[in-house]
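Analysis of the macromolecular model
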Amino acid sequence: MGTFGREMARKSVHVAMGGFAFLLVWLTPWQAALLAAGALLHNLFLLPLYGGRRIFRGAAAERGHDLGIVLYPASILALVLIFPQRPEIVAAAWGLLAFGDGMATVAGTLARGRGGRLPWNPDKSWIGLAAFGLFGGAGAAALYGWTLGVAVEASWLLPVLIVTVVMAVAESLPLGLDDNIVVSVGGGALLCAALAIDPQLLVAKKELLAGRLVMAV
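Because the structure is predicted, anything quoted here is derived from the model rather than measured. (Residues numbered from 1 in each chain as written. Predicted model: local features only at pLDDT ≥ 70, side-chain atom pairs only at ≥ 80, totals over all residues. Heavy atoms only, no water.)

**Section: the packing of aromatic side chains**
Enumeration according to the criterion identifies 4 aromatic pairs in this entry. An angle of 80° between the planes, with centres 5.8 Å apart, marks the rings of Trp-26 and Trp-146 as edge-to-face. Pair noted here: Trp-26 is in the loop between α1 (3-16) and α2 (29-46) and Trp-146 is in helix α6 (residues 126-148), with a separation of 120 residues, a long-range link. What makes Trp-26 exposed here is its relative accessible area of 61%. (Phe/Tyr/Trp six-rings, centres within 6.5 Å; stacked < 30°, edge-to-face > 60°. Helix = DSSP H or I, 4+ residues; strand = E, 2+ residues; numbered from the N terminus. Buried < 20%, exposed > 50% of the residue type's maximum accessible area, 1.4 Å probe, protein only.)

**Here we look at the side chain of Ser-125**
Summarising the element assignment, Ser-125 is placed in strand β2 (residues 121-125). Accessibility expressed as a relative area gives 6% for Ser-125, which makes it buried. Sequence-distant contacts of Ser-125, defined by excluding residues within four places in its chain, comprise Gly-108, Gly-116, Arg-117 and Leu-118. (Contact = heavy atoms within 4.5 Å.)

**Digging into the confidence of the model for the chain**
Per-residue confidence for the chain averages 88 on the pLDDT scale, and 84% of its residues sit at or above 70. No element of the chain has a lower mean pLDDT than helix α9 (residues 201-204), at 52, and none a higher one than α6, at 97. (pLDDT = per-residue confidence, 0-100.)

**Describing helix α8 (residues 179-195)**
The end-to-end C-alpha distance of α8, which contains 17 residues, comes to 23 Å, matching closely the 24 Å that a straight helix rising 1.5 Å per residue would cover. Gly-187 marks where α8 bends most, by close to 25°. All of the buried residues in α8 are Asn-180, Val-182, Val-183, Ser-184, Gly-187, Gly-188, Leu-190, Leu-191, Ala-194 and Leu-195. (Expected span 1.5 Å × (residues − 1). Bend = angle between axes of the 7 residues up to and from the residue.)

**As for the pattern of salt bridges**
Throughout the structure, instances matching the rule amount to 5 salt bridges. Note that Asp-101 is salt-bridged to Lys-11, the shortest N-O span being 3.7 Å. One end of the pair, Asp-101, is in helix α5 (residues 87-111); the other, Lys-11, is in helix α1, with 90 residues separating them in the sequence. The pair formed by Asp-101 and Lys-11 is uniform in burial state, with each residue classed as buried. Between Lys-124 and Glu-171 there is a salt bridge, with the nearest N and O atoms lying 2.8 Å from each other. Remark: Glu-171 occurs in helix α7 (residues 154-172) and Lys-124 occurs in strand β2; sequence separation between them is 47 residues. Salt bridges sharing common partners tie together Lys-124, Glu-171 and Asp-179. (Salt bridge = Lys/Arg side-chain N within 4 Å of Asp/Glu carboxyl O.)

Now the structure itself:
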């Protein structure tokens, strides 16, 4: 399998794993933590034994261990432990990671350089950035509403979309940190801060709302 095929296979798994976030509505915090820990152990010890090298990147295929694939479930486990009583935060951040980060790479790879490179990071493209915003925002919003069982309202949709934009930019920066950590834990923390804003400010005091969103960021 060539580099292109390996990357597509890797990101297909990355995106598909986001489907498990829909189960959070039925799981207790401890059940979710145990499942995430199980996935972490699986990716660390079992996946390399039965074909993990087909989706490992570069030198990781030779070593037999891929840090990014291990950090994916580790970041979900961290979210569950940080927000045990806020499964909607975990689900939305997971949506950003699975659908935003995943589709950014898929779109950028398929574009093959078309659409222009980002001036602050030539390894990333405008198409990838747009894909993160589109798919990450849709995934995060769908998972947030599904997990809470609520209809779409500006009081939570606006913060989710703002956080999506911020995390799309953060994912595109050459930070030297793994995207799995930046997008999931960073997105979850930022979303928690943004959602703490009084929703009445959306109607009553838009200037104060804007100021608090800046502070949350």
